[in-house]
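Notes for the structure review
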Amino acid sequence: MGKVTGATLMARSLKQQGVKFMFGIVGFPVQPIAAAAQEEGISYIGMRNEQSASYAAQAVGYLTGRPGACLTVSGPGVVHGLAGLANAQQNFWPMIMIGGASPTYQNGMGAFQEERQVQIASPFCKFAHAVEHVERIPFYVELAVRQSIYGRPGPVYLDMPDDIIRGEVEEGDVAPVADIPEPPRMQAMPESVEAALDVLEQAKRPLVIVGKGMAWSRAEDELRAFIDRTRLPFLASPLGKGVLDDNHPLSVGAARSHALKEADVIFLMGARLNWIMHYGRPPRFNKDVRIIQLDLAAEAIGNNMPTEVALLGDGKAVVGQLNKALQSRQWFYPAGTDWHKGIAEKAAENAKSIQPMIDDDSNPTNYYRALKDIREWVPEDAVIIGEGANTMDIGRTQLPNAAPRLRLDAGSYGTMGIGMGFAIAAAVVHPERPIVSVSGDSAIGFSGMEIETACRLRLPIKIVVLSNGGIGSGLAELPKDKPLPPRALTIGSGYEKMMEAFGGKGFYVEDPKKIRGALDEAMAYKGPALVNIRLHPNAGRKPQQFGWLTT
Ligand code: ADP
Ligand code: MG
């Protein structure tokens, strides 16, 4: 055995713990880690900003069950990466950030890019630590990766000072560590399983809410069996979409507000009653609603609303328990109730209210008309990424997901700028699937330079920009004689030309009749492509019963 450097030990340890992808930007002092990662067989993806690199690392974590790595230079590089740590923390997605740091022997001297990195990463991480001895790298990587995927998943941070990266130790002096097994699955108390079914049996207007905890736990088979057996209506959260097919006859997605407001029993599965779910409170929810809650985190139980029955455990394991317990019961929720009728009526009413916009062929087009063509065009096995205010909200309702973990969007933290990082992550994890990212013109601006990354790596991502010339609502023209409104963006921007500039294929469309042709050409093209669709400045959502963020 010979000597081994800190950089190589880091790469080997990540590889040992199942980390397959590293996104980053090289520079002092982390260049040797990127080089070692490639030598050890980790895929290294060079990004244009650490922010996108950190978004990509967490998307890999969510999609694969093992964290992606984000490699940043010291100081400003770490600060840029914090955005991703915060987003991963809010969404419970695993990632490992490795921040280069100035040499320990220069601490406090005003070293190049010296920063208190462990302190600033800590509030956004489950675990954050500096590596102080080269031979302890495998220990820290095992600890960090395990923390990122066990319990509620989340981000972790390791600080790698220059002297640790370049430092060498005798290989024989490095204590081996164990491979981290898949996270163990916890089961709920059997009496709680029975109590949950008792409450469901009493429900007149039951509703199951499926959140991304179920996607993370890969509970789709058990959940499909549970819904088929109980015939309970269900609602997917934005990222819970696809755990059950959005087109399942028991999905109430098209009557969301009505279903939430009228349900008398809600079975919350791997979802939080946070702002997205209006805190579970009136006027959005029935004030007497009874709540059954399945979650793997005890501290999540009863948050914002009291929980009547808590099923504390892993989603896949607990729904498996429910299915087993159902074998000794006759009960299922009957068809043709007033609850079903009310939901169907509301869904039909909602569909009717948007139909004129879907059918509207005027030029320039509106969100619903553009999304109609996008829906018909997106292949069923595609990963769909959505970001932007209206683009994401309307896109969520108009673009169904048939299978789990095929939708990525701004998520629980409402982060704009995730789109390119998520799309690049999806493309490297799923080279066999089409990747479609639908962005607003504001949203694409946050990380648009990553288009170069997609082109450089020839990742065949298809980006659609719905461009209304504004942040939120659009503008018909920019005023010449007074200051621009804060929400103004350049009208008719040539985002497709950015794609062309780096070697991809770009399309610009205004006339809705030409959208489909452009989309088809983009899909047929072998590399990355961008279809820039100009929207009418007044295009917007259908009128909503409740204002955004109503409690
Ligand atoms: P959504 O945005 O889809 O509603 P949230 O992120 O708000 O989802 O909530 C997800 C919930 O799922 C969290 O409370 C988390 O603790 C829980 N969770 C995560 N993993 C699992 C799992 N394997 N089994 C059960 N619950 C889980
Ligand atoms: Mg816009």
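Because the structure is a prediction, the values reported are computed rather than measured.

Points about the environment of Pro306
Residue position: Pro306 is located in the loop between β12 (290-295) and β13 (309-312). For the pair formed by Pro306 and Gly280, sequence separation is 26 residues and the distance between their alpha carbons is 9.8 Å.

Things to note about the sheet that holds strand β6 (residues 127-130)
On the basis of which strands lie adjacent, the open sheet formed by six strands has the order β3-β2-β4-β5-β7-β6 and parallel pairing. Of all strands in the sheet, those with a lone pairing partner are β3 (43-46) and β6, marking the two edges. Across the sheet, the mean angle separating the axes of adjacent strands is 20 degrees when strand polarity is ignored. As paired elements, strand β4 (residues 68-72) and strand β5 (residues 95-101) share five bridges and run parallel to each other. Bridge pairing in β5 places Ala69 opposite Ile96. Relative to β4, helix α3 (residues 50-64) is tilted by about 165 degrees, and along the sheet it contacts β2 (21-24), β4 and β5.

Section: helix α6 (residues 137-149)
Counted at 1.5 Å a residue, the expected span for α6 with its 13 residues is 18 Å, and the 19 Å between its end C-alpha atoms agrees. With respect to burial, α6 is a largely interior element, ten of its 13 residues being buried. Within the sequence span of α6, burial applies to Ile137, Pro138, Tyr140, Val141, Glu142, Leu143, Ala144, Val145, Ser148 and Ile149. On the buried face of α6, the contacting elements are α1 (6-16), β5, β6, β7 (155-161), α7 (162-166) and α9 (212-216). Immediately downstream of α6, the backbone of Gly151 shows phi near 70 degrees, a positive value.

Things to note about the site of ligand 1
Near ligand 1 you find 20 residues, and of these Arg152, Lys212, Ser237, Arg272 and Asp295 are the closest. At 2.7 Å from an oxygen atom of ligand 1 is found a side-chain nitrogen or oxygen belonging to Arg272. One nitrogen or oxygen atom from the main chain of Leu296 is found 3.3 Å from a nitrogen atom belonging to ligand 1. Coverage of ligand 1 by the protein chains reaches 98% of its 580 Å² of free accessible surface. The site holding ligand 1 turns out to be the largest cavity. Put simply, the parts of the chain that give the shell around ligand 1 at least two residues each are α9 and β12. Looking at the shell around ligand 1 element by element, the count peaks at three residues for α9. Split into classes, the residues belonging to the shell around ligand 1 amount to six nonpolar, nine polar and five charged.

What to know about the domain arrangement of the protein
According to the domain assignment, the protein contains domain 1 (3-173), domain 2 (190-342) and domain 3 (360-534). Taking the mean C-alpha position of each, domain 2 and domain 3 sit 32 Å from one another. Summing the contributions of domain 2 and of domain 3, the shared interface buries around 1200 Å²; its carbon and sulfur component is 51%. Applying the counting criterion to the domain 2 and domain 3 interface returns one salt bridge. A salt bridge links Glu220 to Arg405; the shortest N-O distance between them is 2.7 Å. Linking domain 2 with domain 3 are eight residue pairs in polar contact (both at pLDDT 80 or more). Taken together, the residues of the side of domain 2 that touches domain 3 sort by class into seven nonpolar, three polar and seven charged.

With respect to the coordination of the magnesium ion (ligand 2)
Every protein donor of the magnesium ion (ligand 2) is listed here as Asp441 (OD), Asn468 (OD1) and Gly470 (O), and their distances to the metal cover 2.1 to 2.2 Å. In primary-sequence terms, the residues that donate to the magnesium ion (ligand 2) follow D-x26-N-x1-G. Here Asp441 is found in helix α17 (residues 441-446), whereas its partner Gly470 is found in the loop between β17 (461-467) and α19 (495-501), with 29 residues between them in sequence. Classification of Asp441 as buried rests on a relative accessible area of 3%. For Gly470, a relative accessible area of 2% gives the class buried.

Brief notes about the sheet that holds strand β10 (residues 234-236)
Strand pairing in a sheet relies on backbone hydrogen bonds. The paired strands run either parallel or antiparallel. Pairing in this open sheet of five strands is parallel, and the strands run β10-β9-β11-β12-β13 from one edge to the other. Every interior strand has two partners, whereas the edge strands, β10 and β13, have only one. Recorded for the sheet is a direction-independent mean angle of 15 degrees between the axes of neighbouring strands. Where strand β9 (residues 206-210) and β10 come together, three bridges link them in parallel fashion. Within β10, the position partnered with Ile209 by the bridge is Leu235. Contacts between helix α8 (residues 190-202) and the sheet are confined to β11 (265-269), β12 and β13, with β13 contributing the most and set at about 135 degrees to the helix.

Here we look at a nonpolar patch on the surface
A surface patch of nonpolar side chains, amounting to about 220 Å² of accessible area, comprises Met186, Leu296 and Leu312. Tracing the chain through its elements places Met186 in the loop between β8 (168-170) and α8.

Observations concerning the packing of aromatic side chains
One pass over the full model with this rule turns up six aromatic pairs. With 6.1 Å between their ring centres and 90 degrees between their planes, Phe226 and Phe267 make a pair best called edge-to-face. Taken together, the positions of Phe226 in helix α10 (residues 220-230) and Phe267 in strand β11 put the pair 41 residues apart, joining distant regions of the chain. Here the aromatic cluster, defined as three or more aromatic residues joined through ring pairs, consists of Tyr55, Tyr62, Trp93 and Phe422.

Quick word on the side chain of Glu450
Structurally, Glu450 is set in helix α18 (residues 450-456). We note that Glu450 is buried and unpaired, the nearest opposite charge coming from Arg456 at a distance of 5.6 Å. For Glu450, the side chain forms a polar contact with the main-chain nitrogen of Arg48, separated by 3.1 Å. Beyond its immediate sequence surroundings of up to four residues, Glu450 is in contact with Met47, Arg48, Asn49, Ser52, Met420 and Ile424.

What about the layout of surface pockets?
In this structure, the second largest pocket encloses a volume near 360 Å³. Lining the second largest pocket are 15 residues, and of these Ile149, Pro183, Pro184, Trp216 and Asp314 sit closest to its centre. Among the residues making up the lining of the second largest pocket, the classes are represented as seven nonpolar, four polar and four charged. The residue makeup of the lining of the second largest pocket includes at least three contributed by each of domain 1 (3-173) and domain 2 (190-342).

Conventions used here
- Residues numbered from 1 in each chain as written.
- Chains lettered and ligands numbered in written order.
- Predicted model: local features only at pLDDT ≥ 70, side-chain atom pairs only at ≥ 80, totals over all residues.
- Heavy atoms only, no water.
- Helix = DSSP H or I, 4+ residues; strand = E, 2+ residues; numbered from the N terminus.
- Pairing = 2+ DSSP bridges.
- Axes fitted to C-alpha atoms, helices over the stretch in contact; angles between N-to-C directions.
- Contact = heavy atoms within 4.5 Å.
- Expected span 1.5 Å × (residues − 1).
- Buried < 20%, exposed > 50% of the residue type's maximum accessible area, 1.4 Å probe, protein only.
- Near = heavy atom within 4 Å.
- Polar contact = N/O pair within 3.5 Å; in protein donor to acceptor, adjacent residues only side chain to side chain.
- Areas by Shrake-Rupley, 256 points an atom, 1.4 Å probe, with all protein chains shown as cover.
- 1 Å grid on protein atoms, 1.4 Å probe; cavity = no way out; pocket = protein on both sides within 12 Å on 5 of 7 lines; lining within 4 Å.
- Sits in = over half its atoms within 2 Å of the grid points.
- Nonpolar A, V, L, I, M, F, W, Y, C, P; charged D, E, K, R; others polar.
- Domains from an automatic or database assignment.
- Buried area = accessible area lost by both parts, 1.4 Å probe.
- Salt bridge = Lys/Arg side-chain N within 4 Å of Asp/Glu carboxyl O.
- Donors = N, O, S within 2.8 Å, 3.2 Å for Na, K, Ca; no water.
- Patch = residues over 30% accessible without salt bridge, like charges linked within 9 Å, V, L, I, M, F, W, Y side chains within 5 Å.
- Phe/Tyr/Trp six-rings, centres within 6.5 Å; stacked < 30°, edge-to-face > 60°.
- Lys, Arg positive; Asp, Glu negative; His and termini not counted.
- Points joined across faces, edges and corners; volume = space filled by probe spheres on them.

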